[in-house]
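Given next are the chains, with one letter for each unit.
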Amino acid sequence: MKIEEDIKLDYSDVLIRPKRSTLSSRNEVKLERNIEFPISKQKWYGIPIIAANMDTIGTYDVYKVLSAYKIITAFNKFYDLNDYKSMEKEGLDPNYFMISTGITQKDYDKLIIICDAINVKFICIDVANGYMEQLVDFCRRVRDKFPDKIIVAGNVVTREITEQLILRGRVDIVKVGIGPGSACTTRLKTGVGMPQLSAISECADAAHGTNGFIIGDGGITCPGDVSKGYGAGADFIMIGGQFSGHDENPGDIIEENGTKYKLFYGMSSDTAMKKHYGSVASYRSSEGKTVRIKYKGPLSETVMDILGGIRSTCTYINANQIKHIAKCCTFVRVNR
Ligand code: 5GP
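Residues numbered from 1 in each chain as written. Predicted model: local features only at pLDDT ≥ 70, side-chain atom pairs only at ≥ 80, totals over all residues. Heavy atoms only, no water.

A.B. asks: Talk me through helix H2 (residues 81–90); I want residue IDs and the actual numbers.
C.D. replies: Measuring from the backbone nitrogen of Asn82 back to the side-chain oxygen at the start of H2 gives 3.2 Å, which picks out Asp80 as the cap. Looking one or two places after H2, you find Gly91, whose phi comes out positive at around 130°. (Polar contact = N/O pair within 3.5 Å; in protein donor to acceptor, adjacent residues only side chain to side chain. Helix = DSSP H or I, 4+ residues; strand = E, 2+ residues; numbered from the N terminus.)

A.B. asks: Go over the packing of aromatic side chains, please, and point to the residues and values.
C.D. replies: Tallied over the entire structure, the rule returns 13 aromatic pairs. On the basis of an interplanar angle of 50° and a centroid distance of 5.4 Å, the ring pair of Trp44 and Phe236 is categorised as tilted. Of the two residues, Trp44 sits in strand E3 (residues 42–46) while Phe236 sits in strand E11 (residues 236–239), which places them 192 residues apart along the sequence. Residues Trp44 and Phe236 agree in their burial class; the two are buried. Judged by centre distance (6.0 Å) and plane angle (90°), the ring pair of Tyr79 and Tyr84 falls under edge-to-face. Clustering of aromatic rings is evident, with ring pairs tying together Tyr60, Tyr63, Phe75, Tyr79, Tyr84 and Phe97. In this arrangement the basic side chain of Arg141 is found over the ring face of Tyr108, its NZ or CZ atom lying 3.7 Å from the centre. Directly above the ring of Tyr261 sits Arg292, whose terminal nitrogen or CZ lies 4.1 Å from the centroid. (Phe/Tyr/Trp six-rings, centres within 6.5 Å; stacked < 30°, edge-to-face > 60°. Buried < 20%, exposed > 50% of the residue type's maximum accessible area, 1.4 Å probe, protein only. Lys NZ or Arg CZ within 6 Å of the ring centre and 35° of its normal.)

A.B. asks: Please provide a residue-by-residue account of the site of the ligand, values included.
C.D. replies: In the vicinity of the ligand, 21 residues are found, and the nearest of them are Ser182, Thr186, Asp217, Ser268 and Glu287. Contacts to the ligand include Gly241, whose backbone N or O atom sits 2.8 Å from an oxygen atom. At a separation of 2.6 Å, an oxygen atom of the ligand approaches a polar backbone atom of Ser268. Considering the ligand on its own, with 520 Å² of exposed area, one finds that the protein chains cover 89% of that surface. In terms of residue class, the shell around the ligand is made up of 7 nonpolar, 12 polar and 2 charged. (Near = heavy atom within 4 Å. Areas by Shrake-Rupley, 256 points an atom, 1.4 Å probe, with all protein chains shown as cover. Nonpolar A, V, L, I, M, F, W, Y, C, P; charged D, E, K, R; others polar.)

A.B. asks: Before we move on, could you go through the packing of helix H5 (residues 159–167) against helix H7 (residues 196–208) and cite the residues and values that matter?
C.D. replies: Closest axis-to-axis distance for the H5/H7 pair is 8 Å, and the angle between their directions is 35°. Viewed along their axes, H5 and H7 form a crossing whose handedness is right-handed. Contacts between H5 and H7 involve Arg159, Glu160, Thr162, Glu163 and Ile166 from the first element and Glu202, Cys203, Asp205, Ala206 and Ala207 from the second. (Axes fitted to C-alpha atoms, helices over the stretch in contact; angles between N-to-C directions. Left-handed = near helix turned anticlockwise from the far one by under 90°. Contact = heavy atoms within 4.5 Å.)

A.B. asks: For the sheet that holds strand E9 (residues 173–176), give the residues involved together with the corresponding values.
C.D. replies: One closed barrel accounts for 8 strands, arranged E4-E5-E6-E7-E8-E9-E10-E11; its pairing is parallel. Here the strands of the sheet are splayed against their neighbours by 25° on average, with no regard to which way each runs. Looking at chain direction, strand E7 (residues 122–126) and strand E8 (residues 150–156) are connected through 5 bridges and run parallel. Across the sheet, the residue bridging to Ile123 is Ile151, located in E8. Of the strands in this sheet, strand E6 (97–101) and E7 touch helix H3 (residues 105–117), which is tilted by about 155° from E6. Contacts between helix H4 (residues 133–145) and the sheet are confined to E6, E7 and E8, with E7 contributing the most and set at about 160° to the helix. (Pairing = 2+ DSSP bridges.)

A.B. asks: Account for the side chain of Thr210, with residues named and values stated.
C.D. replies: One can find Thr210 in the loop between H7 and strand E10 (213–217). In terms of polar contacts, Thr210 uses its side chain to reach the backbone carbonyl oxygen of Ala206, at 2.8 Å. In this view, Thr210 contacts Ile39, Glu163, Ile166 and Leu167; residues no more than four positions away in its chain are not counted.

A.B. asks: Describe in detail H4, supporting the description with residues and values.
C.D. replies: The end-to-end C-alpha separation of H4 is 19 Å, in line with the 18 Å expected for 13 residues at 1.5 Å each. For H4, the set of buried residues is Leu135, Val136, Phe138, Cys139, Val142 and Arg143. Buried residues along H4 cover an arc of 165° about the axis, so they all sit on one side. Of the exposed residues in H4, those oriented more than 90 degrees away from the buried face are Glu133 and Asp144. (Expected span 1.5 Å × (residues − 1). Arc of directions from axis to C-beta.)

A.B. asks: Give me the pattern of salt bridges: which residues, what numbers.
C.D. replies: Per the counting criterion, the structure on display carries 16 salt bridges. Here Arg143 and Asp172 are joined by a salt bridge, their closest N and O atoms 2.7 Å apart. Of the two residues, Arg143 sits in helix H4 while Asp172 sits in the loop between H5 and E9, which places them 29 residues apart along the sequence. On the accessibility criterion, Arg143 (6% relative accessible area) is buried. We note a salt bridge from Arg159 to Asp205, for which the minimum N-O separation is 2.7 Å. Placement of Arg159 in helix H5 and of Asp205 in helix H7 is noted, with a sequence separation of 46 residues between them. The partly exposed category is assigned to Asp205, whose relative accessible area is 47%. Within the structure, one salt-bridge network assembled from shared partners comprises Glu4, Asp6 and Lys8. (Salt bridge = Lys/Arg side-chain N within 4 Å of Asp/Glu carboxyl O.)

As structure tokens, then:
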């Protein structure tokens, strides 16, 4: 039996130690980042937060709110060319959306059709298990076809595969997280996973040494977790559950005993499988769940809450921009 003895940490295992700060107001903090991607040679400017490519999150209504803050929405992979054409007519800024794709030939063909028809800057190649050999080959194929698009690929949680995706797959950004998602049951169903803060730290170190970047994907339960993610080295943070339950998320409001809810579900949940494929295939179990989220009102209020939290973290540790959080951040380990 092999065991890695060093302790791996989750967001809830740490806090950020406050430091002497010359910043006197949250207004002095700049949340936007200017990023130059050496592999695709693209530039991007915005707040490095991404709405997850899930049915109830990665939608055009969510994009309309988030793009006004220069936050990215990763569209769910079920949008087709017609959807994109009508969105483009209404307004689509390529800086603030990603096209998501799986790794089959059908996915590839659809991706080409969409990228030929509309102006796409980010492509997100997304599989639940980023350790499948085909992923790196698929990324390389997409890179050869699109030398100057910003390519994201995942999900993984360790150093070697992060390096492979960047060096061999030629992706710009690696998406990190297996098991931390709020609607995810992978850790329960399979026993597989990695505490998210340590996964971010390890993969960021690997990516930053090879001209790449990372997204910390999943496990955000509050604004403080976003700051902790940046502190551990994440360049971007992807959010699902915290962006659910609003007016802009699809689905009806359910009222029970005077409390209002909206439904949010994992992309491998029974709900998603039935919606998109008719049923859960007999050889697999569902690794996602469906949860009722208390209705939260307009999405912009949650966004402001998260951005306010990050600004405040920055003033506690003397970081005048998100980019500086990692170098200004010292974590203290805490008991849960
Ligand atoms: P959250 O912000 O809700 O904690 O995490 C969002 C992330 O959970 C998504 O970006 C995606 O990586 C992951 N996820 C979404 N649906 C599922 C699912 O059904 N199963 C698993 N294992 N992960 C999911």
